[in-house]
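One letter stands for each residue in the lines below.
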Amino acid sequence: MKRLFAGIERIWLDAEDPPLPPSIRQLAGENLLLGRTLARRGFKSFEDARAFLDYHFYHPADPYEMPDVEKGVKLIQTAILTGKKIGVWGDFDVDGQTATTLLVATLKSLGAEVQYYIPVRERESHGVHLDGLERMIADGVQIVLTCDTGISAHHAANFLRQRGIGLVITDHHTLPEQLPEADAVINPQRLPEDHPMHSLAGVGTAFVFAQALCKEMGRPELVEEHLDLVALGCVADVAILRGDTRYWVQRGLELMRNPRRPALLQLMQNAEITPAHLNEQHIGFSLAPRLNAIGRLGDANPVVEFLSSTNSQAIAVFATQLEGYNSQRRFLTEQVFLAALQQIDQDPRVLEYAVLVLHHPEWPGGINGIVASRLVEIFQRPVILLSSPPGQPMRGSARSTEGINITAAIASAQHLLIGFGGHPMAAGLALPAENFLEFRRLVSAHVELQRAQNRQKPVLTIDAWVKIGELNLDFILELERLAPFGAGNPPLVFASRNLTLLDSAPIGKTQEHLMTIVEDEEGNTRRVIWWQGARSILPEGRFDLAYHARPVNFGGDLEVQLEWIVARPLETETIHLSDANRREVIDLRSSEDALRELDRLTIPADQILFWADGEFALDLKVKQRWELAPAETLVICSPPPSQKILSDSIQKVLPKRIILCSLAQPNDKPQSFLQALTAMIRYAIKQNGGKAQIPRMAAALNQREETILAGVDWLVCKGFIRILSREPDFLIIAEGGVPDPSQLRDKEARLRFLLEESRAFREFYQQASPDSLIKEKP
């Protein structure tokens, strides 16, 4: 599983340093990196840079610059004044939920009679549906106002026109070739790309419309109390944080730090967020997932009432329900993620395409987008995940990387689709199952074309090389003036040289993250959190590390948190000896008859040592790792489970010649491992008084010691055994115990992770160059 070892190799490039205008340097003060970052991001004048850092100096665009805003305002104003019932049609993600809430609340404050509807994802999916419109009309709705949807609603527009029902569309998704025949189509994509409103999300577009409506009706102050919803929806939808979008998000974040909306305050309390220290990361990783979960797995309509309510008891009850949905989302996400990885294991050829496209009949539609985003991070390419129930069309979600317009790629195969929609970084789609293979071919070809046109390569731009001891809180807080970070304004990438890993431990509710401790050459140590890193192999030896640095609140105190991006092993770790003492490496891993080739080498028997952990059926006198001793020649007979064990073993033998072979293939499947481990433990109980020697068991099974301990913990949770005593190198074990189902899932996840990690290294062993394998002991 290469994906678990190194992912896609990225080119590290130092950020360019354009000329730093004196005015920008003056604005940045003593923080030279702040000034350089502003210059790198295109700021040349003092005024523009100041407005970027401090929204008080920014002037947003006039709402009426948005096409059709004037038409839409007149229609809705007339409906309010004449008592016509308005139907607000929203969408089930956070952008749609907040947009619906904002419009409904604003319209009610202006005296309108309002009804709203958000489609239920599982049975309706995105879009404006005729059956829902029929129910609205039956309830007396005379004009429909959409938010975060509708730009491709041609059938709905024609349906409403035939019945004399007005239609005002507010949306932000990619424009179709022909706009729907609505009375007004308000979409920032109709503006030039350099217009400050062009990147508004659905709730931002709804806000601009509401802003114009309130001004027209003499109540301009009404809409700005909903800027917290704008910040929540725009960040959740990964809107490009430039121009007006950044301005409104900045103001909304300030409002959220002093929350007046009881529902958001309750969500923050449940997520253990201190409002005063809230930033865009808290929205993206804590608040938005809680709201998205109900939209993905249930009915999001009650969210509108929740976000508008002042009833503390009702708010607390519904917030608890959201926590339940969020827990369910986490569980399903993990299941789909593991299933996707298993598909890649079984058919690695799917990675030969420019787009990773996978499908499964039982994947919940509401989870596909989340998992696709995780896979994009691992494989650094666009990902499309589809649910494919038998006899039904495939439906799913796409996520992309910077520089690749996935919606354009999908559009290149639209003749194969039932429908699609989205924006450059994300999309939804449906297609007949029989079109899957051709669709995958065409969408991958289009992405290849985009890459060729853009000359795009996976690049990581380093903003600053620093020593880990230099990253103090004051320095990082100065750089926070650049926040909020996100699409269009990424967080700074720091890098430090020549680090070593001291420790790591999985953290999080499902142990999906890693907390690591790294050390530099001067002995400085720092904790670095690796989000979603628990299934990645950690670097061995010395490495350079790229990371983000952000201030976080721990126990009421601010401190700097480093966030792992990627490590780059140092080339200097390969052993380079003088010609007189150079270690000879003979590579027989791909040989069809390695034993015969070994015989041809005519190495004296007293100078050769065969190392093979685990089961080994060939007629060779092999030693396991605990039996190794110095020898002239070391033959590595089978792939070890980790780089550390390989390096340690070479260090024990200190050979002048190493022969790499692959004479046996260890079995890293959980069921096989547990069966073998159980047999060894039974033997220890019956023949050795329950004493289980962990190092020898690890060698006997060709696994790491931590994997043996994880397997023991699983057997304890199942109630098969109990541990009487734990010593550094052995356990005293007895039969029978008390099952602990509450811990079983976590223990099994940990065990699977360790086995997958070992299997990933063994695959690396089979394919890596000898120089990258034969390393000095860290």
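This text follows the structure it describes.
Given the structure is predicted, the values throughout are model-derived calculations rather than measurements.

Caption draft 1: Spotlight on the pattern of salt bridges. For the structure shown, the criterion picks out 32 salt bridges. With its nearest N and O atoms 3.5 Å apart, the salt bridge here joins E512 to R330. Linking E512 in the loop between β14 (494-507) and β15 (513-519) with R330 in helix α16 (residues 312-346), this pair joins segments that are 182 residues apart in sequence. Here R330 falls in the partly exposed class, since its relative accessible area comes to 26%. In this structure, D345 and R759 form a salt bridge, with 3.1 Å as the shortest nitrogen-oxygen distance. Of this pair, D345 sits in helix α16 while R759 sits in helix α26 (residues 741-767); the two residues are 414 residues apart in sequence, bridging distant segments of the chain. Given the relative accessible area of 31%, R759 is considered partly exposed. The structure contains a network of salt bridges with shared partners spanning D17, R40 and D463.

Caption draft 2: Representation of the nonpolar core in the model. The biggest cluster of nonpolar side chains holds 80 residues, and the ones touching the most others in it are I76, I86, L103, L107, L287 and F306. In terms of residue count, helix α10 (residues 202-216) provides more of this core than any other element does, nine residues in total. Discounting residues that sit within four places of it in the chain, L287 has contacts with L232, M256, L267, M268, A271, I273, L278 and H282. If you look at the next biggest cluster of nonpolar residues, it comprises 34 residues, including I468, L492, L499 and L538.

Caption draft 3: Structural context of the packing of aromatic side chains. Per the stated rule, a full pass over the model turns up 12 aromatic pairs. Residues F494 and Y547 carry aromatic rings whose centres are separated by 6.2 Å and whose planes lie at 20 degrees to one another, so their mutual orientation is stacked. Residue F494 is found in strand β14, and its partner Y547 is found in strand β17 (residues 543-554); the two are separated by 53 residues along the sequence. Relative to W564, the ring of F543 has its centre 6.0 Å away and its plane inclined at 35 degrees; by these criteria the two rings are tilted. With F543 in strand β17 and W564 in strand β18 (residues 557-569), this residue pair connects regions lying 21 residues apart in the sequence. The burial state of F543 is the same as that of W564; both residues are buried. Linked through ring pairs, Y55, Y58, F207, Y247 and W248 together constitute an aromatic cluster. Between the NZ or CZ atom of R497 and the centre of the ring of W465, over which it lies, the distance is 3.7 Å.

Caption draft 4: Representation of unusual backbone geometry within the structure. Residue P484 is reached from A483 by a cis peptide bond, and omega for that bond is 5 degrees. Considering the arrangement of structural elements, one finds P484 in the loop between α20 (473-479) and β14. A positive phi angle is found at V238, which is not glycine, with a value near 55 degrees. Assignment of secondary structure puts V238 in the loop between α11 (227-236) and α12 (243-257). Positioned with a positive phi, Q532 is a non-glycine residue whose angle comes to about 55 degrees.

Caption draft 5: Just the packing of helix α13 (residues 262-270) against helix α14 (residues 280-297), in detail. Two elements in contact, α13 and α14, have axes whose closest approach is 10 Å; the angle formed by their N-to-C orientations is 110 degrees. Classified by the angle between their axes, α13 and α14 sit roughly perpendicular to one another. In this structure, the crossing between α13 and α14 has a hand that is right-handed. Every residue of α14 that contacts α13 at L267, M268 and N270 is listed here: L287, R290 and L291. By residue class, the composition of the contact of α13 with α14 is four nonpolar, one polar and one charged.

Caption draft 6: Inspection of the pairing of strand β4 (residues 141-147) at higher detail. The element β4 is largely enclosed, with a buried count of six among its seven residues. Judged from the five bridges that link them, strand β2 (residues 85-89) and β4 form a sheet pairing that is parallel. Among the inter-strand pairings, I86 is bridged to a residue of β4, identified as I143. Crossover connection from β4 via helix α9 (residues 154-162) to parallel strand β5 (residues 166-170): handedness right-handed.

Caption draft 7: Summary view of the sheet that holds strand β8 (residues 383-387). Pairing is mixed across the open sheet formed by five strands, whose spatial order is β7-β8-β9-β11-β10. The open sheet terminates on both sides in strands that have one partner only, identified here as β7 (356-360) and β10 (419-423). Within this sheet the neighbouring strands show an average axis-to-axis angle of 15 degrees, counted without direction.

Caption draft 8: Highlighting the packing of α13 against α16. The interhelical angle for the contact between α13 and α16, taken along N-to-C directions, is 45 degrees, at an axis separation of 10 Å. By the criterion of interaxial angle, the relationship of α13 to α16 is oblique. As α13 packs across α16, the resulting crossing turns out to be right-handed. Across from P262, A263, Q266, L267 and N270 in α13, the residues of α16 making contact are I315, A316, A319, T320, L322 and E323.

Caption draft 9: Just the state of the cysteines, in detail. With the rule as written, the count across this model stands at zero disulfides. Residue C147 stays outside any disulfide, its sulfur separated by 13 Å from that of C234, the closest cysteine. Between C637, a cysteine without a disulfide, and C661, which holds the nearest cysteine sulfur, the sulfur-to-sulfur distance is 6.1 Å.

Caption draft 10: Examining helix α3 (residues 32-40) more closely. Taken together, the buried positions of α3 are L33, L34, G35, T37, L38 and A39. Buried residues belonging to α3 abut α2 (22-28), α4 (46-53), β13 (464-465), α20 and β14. Positive backbone phi, at 95 degrees, marks G42, one or two positions downstream of α3.

Caption draft 11: Focus on the sheet that holds strand β24 (residues 691-693). In space, the three strands of this open sheet follow the order β24-β26-β25, with antiparallel pairing throughout. Among the strands making up the open sheet, the edge pair consists of β24 and β25 (721-726). Here the average twist between neighbouring strands, direction ignored, is 40 degrees. Pairing of β25 with strand β26 (residues 730-735), which is carried by five bridges, proceeds in the antiparallel orientation. Directly across from I721, in β26, lies its bridge partner E735. Sheet strands in contact with helix α24 (residues 694-701) are β24 and β26, and its direction is about 60 degrees off that of β24. The strands that helix α25 (residues 705-717) touches are β25 and β26; relative to β25, the one it contacts most, it runs at about 130 degrees.

Caption draft 12: Molecular detail of the pairing of β14. Alignment of β13 against β14, held across two bridges, turns out to be parallel. Opposite A464, over in β14, you have F494 as the bridge partner. Examined bridge by bridge, β14 and β17 share four bridges and lie antiparallel to one another. Its bridge partner being in β17, S496 is matched across the sheet by L545. Pairing of β14 with β15, which is carried by seven bridges, proceeds in the antiparallel orientation. Along β15, the bridge assignment pairs A505 with M515.

Caption draft 13: Inspection of a nonpolar patch on the surface at higher detail. On the surface, a cluster of nonpolar side chains totalling about 230 Å² of accessible area is made up of I11, L13 and V459. Along the chain, I11 falls in strand β1 (residues 11-14). By relative accessible area, which is 39% here, I11 ends up partly exposed.

The rules behind these values
Residues numbered from 1 in each chain as written. Predicted model: local features only at pLDDT ≥ 70, side-chain atom pairs only at ≥ 80, totals over all residues. Heavy atoms only, no water. Salt bridge = Lys/Arg side-chain N within 4 Å of Asp/Glu carboxyl O. Helix = DSSP H or I, 4+ residues; strand = E, 2+ residues; numbered from the N terminus. Buried < 20%, exposed > 50% of the residue type's maximum accessible area, 1.4 Å probe, protein only. Core = buried A, V, L, I, M, F, W, Y, C linked by side-chain atoms within 4.5 Å. Contact = heavy atoms within 4.5 Å. Phe/Tyr/Trp six-rings, centres within 6.5 Å; stacked < 30°, edge-to-face > 60°. Lys NZ or Arg CZ within 6 Å of the ring centre and 35° of its normal. Axes fitted to C-alpha atoms, helices over the stretch in contact; angles between N-to-C directions. Parallel < 35°, antiparallel > 145°, perpendicular 65-115°, else oblique. Left-handed = near helix turned anticlockwise from the far one by under 90°. Nonpolar A, V, L, I, M, F, W, Y, C, P; charged D, E, K, R; others polar. Pairing = 2+ DSSP bridges. Right-handed = clockwise from strand over helix to strand, strands pointing away. Disulfide = S-S within 2.5 Å. Patch = residues over 30% accessible without salt bridge, like charges linked within 9 Å, V, L, I, M, F, W, Y side chains within 5 Å. Areas by Shrake-Rupley, 256 points an atom, 1.4 Å probe, with all protein chains shown as cover.

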